[in-house]
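Given next are the chains, with one letter for each unit.
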Amino acid sequence: MGRIQRIHKGPEVTFLKTSEVEYWLNQRRESSNPSITQIPLTQVSKWSWNKTSDYFSHESGMFFKICGTETTISGNTIYQPIILQPEIGILGILAKKFDGVLHFLMQAKIEPGNVNAIQLSPTVQATKSNYTQIHKGSKTKYIEFFQDRSKGIILSDQLQSEQNSFFYMKKNRNIILETTQEVEIHPDFCWLTMAQLKKLMRIKNLVNMDSRTVLASFRENSEVKENPIFSMTDLLSWFTEAKARLEIQVKLVGLSSLKNWNMDSGDISKSDHTYFSVTGVSFEAKSREIANWMQPLIKPNAQGLNVFFVKAFNGIPHFLVQAKVEPGCMDGMELGPSVQFLPESPWNFITPENSQWSNIATSASSPRILFDTIQSEEGGRFYHYQNRNMIVQIQDELGAIPADYTWMTLNQMQTALCFSNLFNLEARSLIACYEAVTK
């Protein structure tokens, strides 16, 4: 396509055809002219290894810090850096009906860690440090809708975790708000329907992680009749029991206390250079609240794999869910997908079936693969981190299901998503993707 075929513009409307979105994103990227360069941590301006706290932090004390964790579980002790950011950010999507159809205001957002620089993000994707303008930059666009409940009707609103393997007890407010007010549209924003977003989720690295986690909680039809094999009471009891028998100790430590980790060639990495490293980036983009800055980012050394296995019981699709242990979870674990696998992660010993089940997923025949797309993690904290996200129909390939796994229907998962901190981010992202397949 050489140009956008149709853009409707008015005092409050900018619409795109689904086929035009990629070209529009490319236009916005060219307009912003981003420059992203990976640099050593020693060259990251205004950030340093604080000798007093033993953390890597910003001179203001705000934004976030890189500290260490020492985790003891099942007789094993695991050391790793982790992001400490206790403030609660806002991931908000503004919704509005046009001709009776609900549309969502999506942003073409450039992030320093995105593999393609720009992706579709929520209307507001901002940490508290950003939307309170600690950076002394411009105001976060449309933030007023999510700070004043009188401006609309809440469709969804929870506190949800970020990647619990890399964030320590980090939460964001995931919110969808429907407004009837006029909305003046900035050139970096457009209205898209849920049907359009579902189609766009099938395209590699287009709908960003924050959009997926917010959209996962949206329910178009709450009146669902089904016959699940376990009741919600059974499922909550199973999860409570899993948390009760978990014996895990996690404590924050200084970076110099991390065994087998060191600062080498300007990054923080394991001695054998596996799992992930902490690197630096220098970033410029005209469309951001401030035009340039430097910061550290987490850089996993491999592509991950997240899979939901789906199997029919009583004629209803059920999803295999695991009680996933991660160092950043508030209660030690949240509900995760059937497979959540990052090669060379020291946490793989807890779920050894992940390796075998990964092979089952990736070798499945095409008709049984309901969804299969590579998608990025959030580019504001991760450098070129991608996961292959899959949803795969199975029969009896897995054999006996371990005690820390159970089956849930889509309706049960969406019911659980009405509450905070039950499903982890990887599971929420896949739930949004399943909607992209079935609707």
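This structure is a prediction, so every number in the text was calculated from the model and none was measured. (Residues numbered from 1 in each chain as written. Predicted model: local features only at pLDDT ≥ 70, side-chain atom pairs only at ≥ 80, totals over all residues. Heavy atoms only, no water.)

Novice: Honestly, the nonpolar core in this entry has me stumped. Any pointers?
Specialist: Counting residues in each nonpolar core, the largest one holds 84 residues, and the members touching the most others are Phe 104, Leu 120, Phe 308, Met 413 and Phe 423. Considering each element in turn, this core owes the most residues, 6 residues, to helix α9 (residues 425–438). When sequence neighbours within four positions are dropped, the list of residues in contact with Met 413 reads Phe 308, Phe 319, Val 321, Met 408, Phe 423 and Ile 431. Core analysis: the second largest hydrophobic core is formed by 18 residues, Phe 98, Ala 126, Phe 146 and Trp 191 among them. (Core = buried A, V, L, I, M, F, W, Y, C linked by side-chain atoms within 4.5 Å. Buried < 20%, exposed > 50% of the residue type's maximum accessible area, 1.4 Å probe, protein only. Helix = DSSP H or I, 4+ residues; strand = E, 2+ residues; numbered from the N terminus. Contact = heavy atoms within 4.5 Å.)

Novice: Looking at this structure, how should I read the pattern of salt bridges?
Specialist: Proximity of charged atoms lets side chains of opposite charge pair with each other. Taken as a whole, this structure holds 12 salt bridges when the rule is applied. As a salt-bridge pair, Arg 173 and Asp 157 come within 2.7 Å of each other at their nearest N and O atoms. Taken together, the residues span a long stretch of sequence, with Arg 173 in strand β13 (residues 171–178) and Asp 157 in strand β12 (residues 153–161) at a distance of 16 residues. Since its relative accessible area comes to 27%, Asp 157 is described here as partly exposed. A salt bridge links Glu 397 to Arg 368, with the shortest nitrogen-to-oxygen separation between them at 1.9 Å. Here Glu 397, found in the loop between β25 (386–393) and β26 (405–409), pairs with Arg 368, found in the loop between α7 (353–362) and β24 (369–376); they are 29 residues apart in sequence, far enough to count as distant. Overall, Arg 368 belongs to the partly exposed group, its relative accessible area being 27%. Salt bridges here are not isolated pairs; linked through shared partners, they connect Arg 149, Asp 157 and Arg 173. (Salt bridge = Lys/Arg side-chain N within 4 Å of Asp/Glu carboxyl O.)

Novice: What am I meant to see in unusual backbone geometry here?
Specialist: Glycine aside, the phi torsion of most residues is negative, and most peptide linkages are trans. For Ser 74, which is not glycine, the phi dihedral falls at a positive 50°. Here Ser 74 is to be found in the loop between β6 (65–73) and β7 (76–84). Unlike most non-glycine residues, Asp 99 shows phi in positive territory, near 55°. Take Asp 99: its relative accessible area is 83%, and that puts it in the exposed class.

Novice: What am I meant to see in the environment of Trp 238 here?
Specialist: Looking at the secondary structure, you find Trp 238 in helix α6 (residues 232–245). On the accessibility criterion, Trp 238 (15% relative accessible area) is buried. In this structure, the C-alpha to C-alpha distance between Trp 238 and Ile 90, residues 148 residues apart in sequence, is 31 Å. In contact with Trp 238, not counting residues within four places along its chain, are Val 321, Gln 322, Ala 323, Leu 335, Ala 403, Asp 404, Tyr 405 and Thr 406.

Novice: How should I be thinking about the packing of aromatic side chains in this particular structure?
Specialist: Given two aromatic rings, their pairing is described by the distance between the two centres and the angle made by the two planes. Tallied over the entire structure, the rule returns 21 aromatic pairs. Plain terms: the ring middles of Trp 47 and Phe 64 are 4.9 Å apart, the flat faces sit at 45° to each other, and that makes the pair tilted. Taken together, the residues span a long stretch of sequence, with Trp 47 in strand β4 (residues 47–50) and Phe 64 in the loop between β5 (55–58) and β6 at a distance of 17 residues. For the pair formed by Trp 47 and Phe 64, the shared burial category is buried. Between Phe 166 and Tyr 275, the ring centres sit 6.2 Å apart and the planes meet at 35°, which makes this aromatic pair tilted. Of the two residues, Phe 166 is situated in the loop between β12 and β13 and Tyr 275 in the loop between β17 (267–270) and β18 (276–284); the sequence distance between them amounts to 109 residues. Exposure class is identical for Phe 166 and Tyr 275. Each is buried. Taking NZ or CZ as reference, Lys 51 lies 5.3 Å from the ring centre of Trp 49, over its face. We note Lys 151 situated over the ring of Phe 145; from NZ or CZ to the ring centre the distance is 5.8 Å. (Phe/Tyr/Trp six-rings, centres within 6.5 Å; stacked < 30°, edge-to-face > 60°. Lys NZ or Arg CZ within 6 Å of the ring centre and 35° of its normal.)

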